[in-house]
Amino acid sequence: MNQQAPAPVPTTASQDALAATLGALMPLGGGLLVALGYAWLDVFGLVLGVAGAVGWAFWWRNKHQSFFPKDLRGGSVGGIGALVALITVLLFVSVS
């Protein structure tokens, strides 16, 4: 019996905007995390920051089964945005 694969679900503009926002926030947050580790603990903090950024990416991938899932929710992307904002504030407080 031949079964056809289901048709792909078309993406909406809001899903595209969430994916673009996520695509900008994840590398930004990872880089800021590395910079924060370096600002706090020099080279050892740099290594911890890289490990934290890689762990964050693996956690996201395991939670959503993909880096850019088809059904992104605003709350997930907003949570990443809040985390990036917190890392940014901590970095600027540490540097100044």
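For the structure itself, look to the data block above.
Below, the structure is looked at part by part. (Residues numbered from 1 in each chain as written. Predicted model: local features only at pLDDT ≥ 70, side-chain atom pairs only at ≥ 80, totals over all residues. Heavy atoms only, no water.)

**Re the overall build of the protein**
Okay, so step 1: Regarding its fold elements, the protein presents 2 helices and 0 strands.
Okay, so step 2: With the C-alpha coordinates of the protein rotated into their principal frame, the extents come out at 65 × 25 × 15 Å.
Okay, so step 3: Split into buried and exposed, the 96 residues of the protein put 25% on the buried side.
Okay, so step 4: Here the analysis covers contacts within the protein between residues at least 6 apart in sequence; of these, 71% occur between residues at least 24 apart.
Okay, so step 5: On the protein, roughly 6,600 Å² of surface is accessible, and the fraction owed to carbon and sulfur atoms is 69%. (Helix = DSSP H or I, 4+ residues; strand = E, 2+ residues; numbered from the N terminus. Buried < 20%, exposed > 50% of the residue type's maximum accessible area, 1.4 Å probe, protein only. Contact = heavy atoms within 4.5 Å. Areas by Shrake-Rupley, 256 points an atom, 1.4 Å probe, with all protein chains shown as cover.)

**A look at helix H2 (residues 74–95)**
Okay, so step 1: Here H2 is 22 residues long and its end C-alpha atoms lie 31 Å apart, about the 32 Å a rise of 1.5 Å per residue gives.
Okay, so step 2: For H2, the set of buried residues is Val-77, Ile-80, Val-84, Ile-87 and Leu-91. Along the axis of H2, the buried residues cluster in a sector spanning 80°; they form a single face. In H2, those exposed residues whose orientation departs by more than 90 degrees from the buried face are Gly-75, Val-89, Phe-92 and Val-93.
Okay, so step 3: Against helix H1 (13–64) lie the buried residues of H2. (Expected span 1.5 Å × (residues − 1). Arc of directions from axis to C-beta.)

**Some remarks on the environment of Val-50**
Okay, so step 1: Residue position: Val-50 is located in helix H1.
Okay, so step 2: Along the primary structure Val-50 and Ala-35 are separated by 15 residues, whereas in three dimensions their C-alpha atoms are 9.2 Å apart.

**Structural notes on H1**
Okay, so step 1: Spanning 52 residues, H1 covers only 20 Å between terminal C-alpha atoms, well under the ideal 76 Å at 1.5 Å per step.
Okay, so step 2: A maximum bend of about 150° is found in H1 at Leu-41.
Okay, so step 3: Remark: Gln-65 follows H1 within two positions and exhibits a positive phi of approximately 65°. (Bend = angle between axes of the 7 residues up to and from the residue.)

**A few points about the packing of H1 against H2**
Okay, so step 1: One way to put it is that H1 packs onto H2 with a least axis distance of 9 Å and a crossing angle of 20°. In terms of axis orientation, H1 runs roughly parallel to H2. The interaxial crossing formed by H1 with H2 has left-handed handedness.
Okay, so step 2: Considered class by class, the residues forming the contact of H1 with H2 number 21 nonpolar, 8 polar and no charged. (Axes fitted to C-alpha atoms, helices over the stretch in contact; angles between N-to-C directions. Parallel < 35°, antiparallel > 145°, perpendicular 65-115°, else oblique. Left-handed = near helix turned anticlockwise from the far one by under 90°. Nonpolar A, V, L, I, M, F, W, Y, C, P; charged D, E, K, R; others polar.)

**A look at a nonpolar patch on the surface**
Okay, so step 1: Taken together, the side chains of Tyr-38, Val-43, Leu-46, Val-47, Val-50, Val-54 and Phe-58 define a hydrophobic patch exposed on the protein surface, amounting to about 630 Å² of accessible area.
Okay, so step 2: Structurally, Val-54 is set in helix H1. (Patch = residues over 30% accessible without salt bridge, like charges linked within 9 Å, V, L, I, M, F, W, Y side chains within 5 Å. Salt bridge = Lys/Arg side-chain N within 4 Å of Asp/Glu carboxyl O.)

**Some details on the nonpolar core**
Nonpolar side chains in soluble globular proteins generally cluster together in the buried interior.
Okay, so step 1: Counting 14 residues, the largest nonpolar core has Leu-22, Met-26, Trp-60, Leu-72, Val-77, Ile-80 and Val-84 as the members making the most contacts within it.
Okay, so step 2: Contributions of two or more residues to this core are made by H1 and H2.
Okay, so step 3: The leading source of residues in this core is H1, at 8 residues.
Okay, so step 4: If we ignore the near neighbours within four places in the chain, the residues touching Val-84 are Leu-25, Leu-28, Gly-29, Leu-32 and Trp-56. (Core = buried A, V, L, I, M, F, W, Y, C linked by side-chain atoms within 4.5 Å.)

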